[in-house]
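Per-entry structural report
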Amino acid sequence: MAKIIQTIKNLFQSVSPAKIGQSIQETQLYRSIFRVGVPDTDRKRMLVMLGSVFLHLHPVKVRKSGIRMRYTWCMGGITFFLFLVLTFTGLLLMFYYRPTLDYAYVDIIDLREQVPLGIMREIHRWGAHAMVIAVWLHMFRVFMTGSYKPPREFNWNVGVILLVLTLLLSFTGYLLPWDQLAMWAITVGSNMARATPFAGHEGPGAALVRLGDITLVNNASDARFALLGGRFVGEGALLRFYVLHCVGLPLVAGFLMAIHFWRIRRDGGISGPL
Amino acid sequence: MLSVLSAMATAAAVLLPVVIFIVVISIAMVKRGEISMQGEVHEVAATPVAGKAAAAIPRRAFFSWMGVAWTAFTASMVATASATGRFMFPNVLFEPPATFKAGTPDEIQEGQVDERFKQKFGVWLVKDIDIQTGAHGIYALSTVCTHLGCTPDWLPAAQKFKCPCHGSGYYRNGINFEGPTPRPLERYAISLAEDGQILVDKNAKFQYEKGQWADPRSFLKV
């Protein structure tokens, strides 16, 4: 009898949460993924940060001031969160949207009227607006706290490029609904490229780029043409903006974001209060 | 045929320097004894064996070989970059041609703004008096607003071009008089083809503020 009780006791002990946790941690599967056990010492905590491809981008230690909302406004984190939201919703929209003259506009309407969860495009749109605002506020915070100063000056520059990429993502996404607003907004916006020095056909120095009597920079060979794939906003522009919006710019932005986050760690974590 | 040839030339321009780079590097390293054809790798600096092999090609010569190799590599990178850039400019455009025939001059009434070619070619033909010479004739106005590039509407009742984007307004002769636009509409080159039709050439444009409307190509006397 005592033996049976002992067996039952053992059985209960072996299924206690602590025991289960321990036995899971001893499996090869767990150890192959996480390497380090429960991070209960400083050394293990550091090894966890170094051993994970995601966490190694993050500072090993964060100052108490670094997680104070009144200091960071969490705007960098919110920007990244919005980028993830936009990537996810954008991916979903790509299942329905076709970037051609015949389909672009009706696909946008269908995304609202015919596809379940018709607010998906609105989430993408409002997320994009919010991301632009969050980027500005993030930069404002970084500027006001002097966090652009050495040793963080390189990271500030990466951030400025990321700001430009954010605006370009907004700009390219603007055309895709292919309505009157999109069409004329991009017509007006892309006309700025006409004035590119040497590379735009109405820009300074464009007349100097010539072979004898033949001007090499004209409205079918300049920077604006490369952007639009045509002499006006048409089919070529829609496709080019789509490719830039869905693949080109997010790829570059993602690459730079990895650098941006990693440099925060290398430059000594989130800056302290002044 | 031409495009095939140019594609082959581009491929050669890109690949040849790369091949040269690899060959030159290999030759130099084999001679220097850093790698051997038998697939063994020698320690260059540490062992006396490598010292003997290194005598086959002097250190300075090795670096000049490297110079050739890197020049070839740089050339291939430049060729790749320019080929990529050229890729963005297609040889054929599926857009309306820049030069087109627009019917005979008597199809347009005196004082009329002809909108037949607005949609496809972006051109208004206007039969009017030239504001500078007072001559009777036809001119071809660009439908691109000189403010930010939208397309204005011709309002017959008000006898003006009005841009819906930001409200710029132009008289029938293209001179701006209201809204944010800084300058008049542009004229395109206009002439009479051999078959008696109007020939509009959008490759040549004439700006009033530069005095180019005095150019006889910007006005067709009838």
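Predicted model only: the values in this text are computed from it and were never measured.

Definitions and limits used
Residues numbered from 1 in each chain as written. Chains lettered and ligands numbered in written order. Predicted model: local features only at pLDDT ≥ 70, side-chain atom pairs only at ≥ 80, totals over all residues. Helix = DSSP H or I, 4+ residues; strand = E, 2+ residues; numbered from the N terminus. Contact = placed C-beta atoms within 7 Å. Rg over C-alpha atoms; globule rule 2.2 N^0.38 Å. Buried ≥ 20, exposed ≤ 12 C-beta atoms within 10 Å, placed from the backbone. Core = buried A, V, L, I, M, F, W, Y, C linked by C-beta atoms within 7 Å. Nonpolar A, V, L, I, M, F, W, Y, C, P; charged D, E, K, R; others polar. Pairing = 2+ DSSP bridges. Axes fitted to C-alpha atoms, helices over the stretch in contact; angles between N-to-C directions. Parallel < 35°, antiparallel > 145°, perpendicular 65-115°, else oblique. Left-handed = near helix turned anticlockwise from the far one by under 90°. pLDDT = per-residue confidence, 0-100.

1. A short note on the overall build of chain B
The helix and strand inventory of chain B stands at four helices and 11 strands. When contacts within chain B are restricted to residue pairs at least 6 apart in sequence, those whose partners lie at least 24 apart make up 48%.

2. Comments concerning the overall build of chain A
The helix and strand inventory of chain A stands at 12 helices and two strands. When the helices and strands of chain A are placed in sequence order, the string is α-α-α-α-α-α-α-α-α-α-β-β-α-α. A globule of 274 residues ought to have a C-alpha radius of gyration of about 19 Å, yet chain A, at 27 Å, is considerably larger. Reported as C-alpha extents along the three principal axes, the dimensions of chain A are approximately 105 × 50 × 35 Å. When each of the 274 residues of chain A is scored for burial, the buried share is 24%. Long-range pairs, those at least 24 residues apart, make up 61% of the contacts in chain A between residues at least 6 apart in sequence.

3. Brief notes about the nonpolar core
One finds Leu175(A), Leu176(A), Trp178(A), Ile186(A), Ala237(A), Leu238(A) and Phe241(A) to be the most contacted residues of the largest nonpolar core, which totals 22 residues. Of all the secondary structure elements, the ones that give two or more residues to this core are α9 (153–175), α10 (180–190), α11 (223–228) and α12 (235–266) of chain A. Among the elements that take part in this core, α12(A) stands out by supplying eight residues, more than any other. Setting aside residues up to four positions removed in sequence, Leu238(A) forms contacts with Pro99(A), Leu101(A), Ala104(A), Leu175(A) and Trp178(A). Of all hydrophobic cores here, the second largest spans 20 residues; its members include Trp124(B), Phe161(B), Leu185(B) and Leu220(B).

4. A closer look at the interface of chain B and chain A
Counting residues at the interface gives eight residues for chain B, matched by 11 residues for chain A. Broken down by class, the residue content of the side of chain B that touches chain A amounts to six nonpolar, one polar and one charged.

5. A closer look at the environment of His124(A)
Residue and element names in this part refer to chain A. Assignment of secondary structure puts His124 in helix α8 (residues 120–144). On the basis of neighbour counts, which here come to 20 C-beta atoms within 10 Å, the residue His124 falls in the buried class. In this structure, the C-alpha to C-alpha distance between His124 and Gly90, residues 34 residues apart in sequence, is 6.6 Å. Ignoring anything within four residues of it in the chain, the contact list for His124 reads Leu86, Thr89, Gly90 and Leu93.

6. Here's the deal with unusual backbone geometry
Residue and element names in this part refer to chain A. Cis geometry marks the peptide bond from Pro150 to Pro151, where omega comes out at 5°. Although it is not a glycine, Trp178 sits at a positive phi angle of roughly 55°. Of note, Trp178 is situated in the loop between α9 and α10. Phi is positive for Phe198, which is not a glycine, with a value near 65°. Structurally, Phe198 is set in the loop between α10 and β1 (210–211).

7. Considerations on the pairing of strand β3 (residues 123–129) of chain B
All names here are of chain B. The buried fraction of β3 amounts to five of the seven residues, a majority that puts the element mostly inside the structure. Two strands pair when backbone bridges link them, and strand β2 (residues 113–114) and β3 are joined in this way by two bridges, in the antiparallel orientation. When the sheet's bridge partners are listed, Val113 is paired in β3 with Val126. Where β3 lies against strand β4 (residues 136–142), seven bridges are found, and the strand directions are antiparallel.

8. Quick notes on the packing of α9(A) against α10(A)
Residue and element names in this part refer to chain A. Remark: α9 packs on α10, axes separated minimally by 8 Å, with the N-to-C direction vectors making an angle of 135°. Classed by the angle they form, the pair α9 and α10 counts as oblique. From α9, Phe171, Tyr174 and Leu175 reach across to α10, where they touch Ala182, Ala185, Ile186 and Gly189. Across the contact of α9 with α10, the residue classes tally to six nonpolar, one polar and no charged.

9. Describing the sheet that holds strand β8 (residues 176–178) of chain B
All names here are of chain B. Strand order in the open sheet formed by four strands is β5-β6-β7-β8, with antiparallel pairing between adjacent strands. Where the open sheet ends on each side, the last strands, each with one partner, are β5 (153–155) and β8. Pairing of β5 with strand β6 (residues 160–162), which is carried by three bridges, proceeds in the antiparallel orientation. Pairing of Asp153 across the sheet is with Lys162, part of β6.

10. Observations concerning the packing of α9(A) against α12(A)
Packed helices, taken two at a time, are described by the angle their axes make and the gap between the axes. All names here are of chain A. Running from N to C, α9 and α12 point in directions that differ by 160°, and their axes come no closer than 9 Å. By the angle between their axes, α9 is roughly antiparallel relative to α12. Our pair here, α9 against α12, has a crossing hand that is left-handed. Partitioned by chemical class, the residues of the contact of α9 with α12 number 19 nonpolar, six polar and one charged.

11. Quick word on the confidence of the model for chain B
Chain-level statistics for chain B give a pLDDT mean of 85 and a share of 87% at 70 or above. Scoring of the predicted complex yields 0.78 for pTM and 0.72 for ipTM.

12. Description of the environment of Asn191(A)
By secondary structure assignment, the location of Asn191(A) is in the loop between α10 and β1. Between the alpha carbons of Asn191(A) and Phe232(A) there is a distance of 9.5 Å; along the sequence they are 41 residues apart. Non-local contacts of Asn191(A), meaning those with residues more than four positions away in its chain, are made with Leu148(B) and Gly149(B).

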